[in-house]
Amino acid sequence: MNTDIKSLHFSMDESTKDYLGKKLERIRHAENMMVDLIVTIKKEKDYEADATVNFRWGVSIHVKENDFDLLAAIDKMMDKLETKITKEKEKVKEKRQ
């Protein structure tokens, strides 16, 4: 799986990168099914955490969350992302049976 993490309009410090890395561990169970994971965090008035996952079978999922706190935006994004990845994984399991 290719992982690309970008920050726009601010520079992400090491502690935030470590925090995001720990959060990404929650979706490692589906790593073999994902081709790309692209995470972009922008700072405008608030933080916008945005993630796109491309699966091997051509399906893409996209989630976006906003919050005035960077870590809260990452948490919300990861909650949604984990839910969508789990749903997609279950759909594929059902089709194989």
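Check the entry above for the structure.
In this text, all values refer to a predicted model and were calculated from it rather than measured experimentally.

Overview of the pairing of strand β2 (residues 34-43)
- With seven bridges joining them, strand β1 (residues 2-8) and β2 adopt parallel strand pairing. Within the sheet, the bridge partner assigned to Leu8 lies in β2 and is Lys42.
- Tracing the backbone out of β1, into helix α1 (residues 14-24) and back to the parallel element β2 gives a crossover that is left-handed.
- Two strands pair when backbone bridges link them, and β2 and strand β3 (residues 47-55) are joined in this way by nine bridges, in the antiparallel orientation. Bridging from a neighbouring strand, Met34 pairs with Phe55 of β3.
- Adjacent in sequence and paired antiparallel, β2 and β3 are bridged by three residues.

Quick word on the sheet that holds β3
- With mixed pairing, the four strands of this open sheet are ordered in space as β1-β2-β3-β4. Of all strands in the sheet, those with a lone pairing partner are β1 and β4 (60-67), marking the two edges. Averaged over all pairs of adjacent strands, the angle between strand axes in this sheet comes to 10°, irrespective of strand direction.
- The strands that helix α2 (residues 70-96) touches are β2, β3 and β4; relative to β4, the one it contacts most, it runs at about 155°.

Section: the pattern of salt bridges
- One pass over the full model with this rule turns up eleven salt bridges.
- Between Asp79 and Arg26 there is a salt bridge, with the nearest N and O atoms lying 2.7 Å from each other. With Asp79 in helix α2 and Arg26 in the loop between α1 and β2, this residue pair connects regions lying 53 residues apart in the sequence.
- Given a relative accessible area of 41%, Asp79 falls into the partly exposed group.
- Of the charged contacts, one joins Glu65 and Lys80 as a salt bridge, the two residues approaching to 2.7 Å between their closest N and O atoms. Taken together, the positions of Glu65 in strand β4 and Lys80 in helix α2 put the pair 15 residues apart, joining distant regions of the chain.
- You can call Glu65 buried: its relative accessible area is 14%.

Here is what the cut-offs are and how they apply
- Residues numbered from 1 in each chain as written.
- Predicted model: local features only at pLDDT ≥ 70, side-chain atom pairs only at ≥ 80, totals over all residues.
- Heavy atoms only, no water.
- Pairing = 2+ DSSP bridges.
- Helix = DSSP H or I, 4+ residues; strand = E, 2+ residues; numbered from the N terminus.
- Right-handed = clockwise from strand over helix to strand, strands pointing away.
- Axes fitted to C-alpha atoms, helices over the stretch in contact; angles between N-to-C directions.
- Contact = heavy atoms within 4.5 Å.
- Salt bridge = Lys/Arg side-chain N within 4 Å of Asp/Glu carboxyl O.
- Buried < 20%, exposed > 50% of the residue type's maximum accessible area, 1.4 Å probe, protein only.

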